[in-house]
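Observations on chain architecture
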Amino acid sequence: MNAEGRGRLDRMPQWQALARHREELGEVHLRELFAADPRRGERYGVRVGDLYLDYSRNLVTDETLRLLRELAEAAGVARLREAMFRGERINTTEDRAVLHTALRAPRDAVVEVDAGDGEGGENVVPAVHAVLDRMSAFAEAVRAGKWAGHTGLPIRSVVNIGIGGSDLGPAMAYEALRAYTDRELDVRFVSNVDGADLHEALQGLDPARTLFVVASKTFTTIETITNATSARDWLLAGLGAGREAVAKHFVALSTNAEAVAEFGIDTTNMFEFWDWVGGRYSYDSAIGLSLMIAIGPDRFREMLDGFRTVDEHFRTAPPEENAPLLLGLLGVWYGGFFGAQSHAVLPYSHYLSKFTAYLQQLDMESNGKSVDRQGEPVSWQTGPVVWGTPGTNGQHAYFQLLHQGTRLIPADLIGFARPVAGLEPALAAQHDLLMANLFAQGQALAFGKTEEEVRAEGVAEEQVPHRTFRGNRPTTTILASELTPSVLGQLVALYEHKVFVQGAVWDIDSFDQWGVELGKVLAKRIEPALTEGAEVEGLDTSTAALVARYRSLRGR
Ligand code: F6P
């Protein structure tokens, strides 16, 4: 039994019942499931905010769904969810609360972070709104051209420097909400320690009119500090100024005031957040400042309201209608009982070109774990490989494998009823064709094309196997009204809570990320061997040989 009073997942009767049910289902085909229930397409749908989820094309029956909900209940998903919303320290390996939901709480809400001493905790909402107010004032000043650089010229370019959660969220949302951005402002994102990234981002920029937003929760991340230092050098050289110029051209988004001050950024230009906001859950915190500058505070607030709509739904909707619960359980079903290794997220929206990359960190950094909360190795599948790119492009690349390959790859198809506002009428008219493709793919993946159907088309017998589509490839379709700031917030919160549900069922800590530490430590040890030829103890022979070859290629 763990702290939530549950046993190991694979020994739970509800898990075993699902295993038996899976055997009974056997090779059931979606064609049979649809034939058996003429209303399946309408019945298997849930609504949350402006999103509609059609989950009818999943390999589930009413019985499967009932058993999955029983598993969620026995696994303590609802208890853990309440503990998260109440600010308890559910990130046990880091002894932290997990309160990204407080970032979108209304001004008058009370959300207390667990003090950990049995006493009532501190209400974090006033601090959240104080930072949002400061961000809004700053964003307005930049947008209105009232924030002047060192030489008195107004800022017109913004370069966000951050990595992981301090980059992917704002960069994704900036792309997603491009139609809502101030086109007079040039907003760019730099993350990679490869100098090429900063090199390209700085092309054509005027230092006198450029603001750097250094986004780093810890303010110790080597990539970000290295890029920020190079950006500072570029700025000061370009301006021909001393360190005093930094204050007007650099702001920081961080939890670490000391390191920010040490870097030379005036801490009055620091926008803070807190250790109860995980990096991959942070773009609705101060980490969203570059986005807020681009879209303005009002749109940013609309986005937060969208997040909140789904938070409230997740907390209060009954299990049968609870969209994040349902999405999470479907993933548990495929990973646990179909051996699915990956999950494709396929947005039919060019503006969502970075959405799946963002989800990769959200999902894979959260649920890429192989020990349970007690530190015992798990014997069940945890987080899948998440991948995908916007449709229709993917259709002409990897969809062949989705349709006729040997692997089962559940997929989410995401589409919008209306094109984004502001498209020229002729381009907006292309939207129907885009959506026809989404609907067609879901249908083809589910129902395929039988041998009989192929033969009936007069196809030569030897060609029949090649042209047959087995179908039975599960998809969930998420149909939203339009890609607005609110809808983007709703989509992100939907996936945040889906990931939460899965981590809760799998009994893993979805909020730590120890798995990224080893590589960081080794890179620090190896760098002196590359630059100074220093002897590094304990290198394996492969790494040692590669280092030697690298040095020789560099003429060192
Ligand atoms: O290395 C992983 C990670 O810690 C992520 O979880 C985080 O989003 C990213 O690095 C950036 O961290 P920071 O915001 O502290 O620079």
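Look a little higher up for the structure.
Residues numbered from 1 in each chain as written. Predicted model: local features only at pLDDT ≥ 70, side-chain atom pairs only at ≥ 80, totals over all residues. Heavy atoms only, no water.

1. Focus: the packing of aromatic side chains
With the rule as written, the count across this model stands at 23 aromatic pairs. Ring plane angle 75° and centroid distance 4.8 Å describe the contact between tryptophan 387 and tyrosine 398, whose orientation is recorded as edge-to-face. Note that tryptophan 387 is positioned in strand S11 (residues 385-387) and tyrosine 398 in the loop between S11 and helix H16 (399-404), a separation of 11 residues in sequence. The side chain of arginine 81 reaches across the aromatic face of phenylalanine 314, ending 5.4 Å from its centre. Note that arginine 134 overlies the ring of phenylalanine 271, its terminal NZ or CZ placed 4.7 Å from the centroid. (Phe/Tyr/Trp six-rings, centres within 6.5 Å; stacked < 30°, edge-to-face > 60°. Helix = DSSP H or I, 4+ residues; strand = E, 2+ residues; numbered from the N terminus. Lys NZ or Arg CZ within 6 Å of the ring centre and 35° of its normal.)

2. Some remarks on the site of the ligand
Taken together, 14 residues form the shell around the ligand, and within it Ser166, Ser216, Thr218, Thr221 and Glu365 come nearest. Separating an oxygen atom of the ligand from a backbone N or O atom of lysine 217 is a distance of 2.7 Å. Side-chain polar atom of threonine 218 to an oxygen atom of the ligand: 2.6 Å apart, as the coordinates give it. For the ligand, whose unbound accessible area comes to 390 Å², protein coverage reaches 89%. In terms of residue class, the shell around the ligand is built from 2 nonpolar, 9 polar and 3 charged. (Near = heavy atom within 4 Å. Polar contact = N/O pair within 3.5 Å; in protein donor to acceptor, adjacent residues only side chain to side chain. Areas by Shrake-Rupley, 256 points an atom, 1.4 Å probe, with all protein chains shown as cover. Nonpolar A, V, L, I, M, F, W, Y, C, P; charged D, E, K, R; others polar.)

3. Here we look at the nonpolar core
Judged by nonpolar contacts, the single largest core of 129 residues is most densely connected at Leu211, Trp276, Tyr283, Phe355 and Leu488. It is helix H21 (residues 485-506) that contributes the most residues to this core, 13 residues altogether. With near-sequence residues (within four places) excluded, leucine 488 lies in contact with Met172, Ala173, Ala176, Leu177, Tyr283, Met303, Leu352 and Leu483. One finds Val190, Leu198, Ala201 and Phe250 within the second-largest nonpolar core, a separate group that totals 25 residues. (Core = buried A, V, L, I, M, F, W, Y, C linked by side-chain atoms within 4.5 Å. Buried < 20%, exposed > 50% of the residue type's maximum accessible area, 1.4 Å probe, protein only. Contact = heavy atoms within 4.5 Å.)

4. A word on the sheet that holds strand S7 (residues 210-215)
On the basis of which strands lie adjacent, the open sheet formed by 5 strands has the order S6-S5-S7-S8-S9 and parallel pairing. Edge positions in the open sheet fall to strand S6 (186-190) and strand S9 (270-272), since each of these has one partner strand only. Between one strand and the next, the sheet's axes are offset by a mean angle of 20°, whatever the strand orientation. One ladder, built from 5 bridges, connects strand S5 (residues 157-161) with S7; its direction is parallel. Of the residues in S7, the one forming a bridge with valine 158 is leucine 211. In the packing of helix H6 (residues 125-143) onto the sheet, the strands contacted are S7, strand S8 (250-254) and S9, and the crossing angle to S9 comes to about 145°. (Pairing = 2+ DSSP bridges. Axes fitted to C-alpha atoms, helices over the stretch in contact; angles between N-to-C directions.)

5. Here's the deal with unusual backbone geometry
Along the chain, glycine 391 connects to threonine 392 via a cis peptide bond; the corresponding omega equals 10°. Here threonine 392 is to be found in the loop between S11 and H16. You will see that asparagine 472, though not glycine, has its phi angle at about 65°, which is positive. Within the element layout of this structure, asparagine 472 appears in the loop between helix H20 (464-467) and strand S13 (475-480). Since its relative accessible area comes to 7%, asparagine 472 is described here as buried. The phi torsion at aspartate 507 lies on the positive side, around 60°, for a residue other than glycine. Within the fold, aspartate 507 resides in the loop between H21 and helix H22 (517-531).

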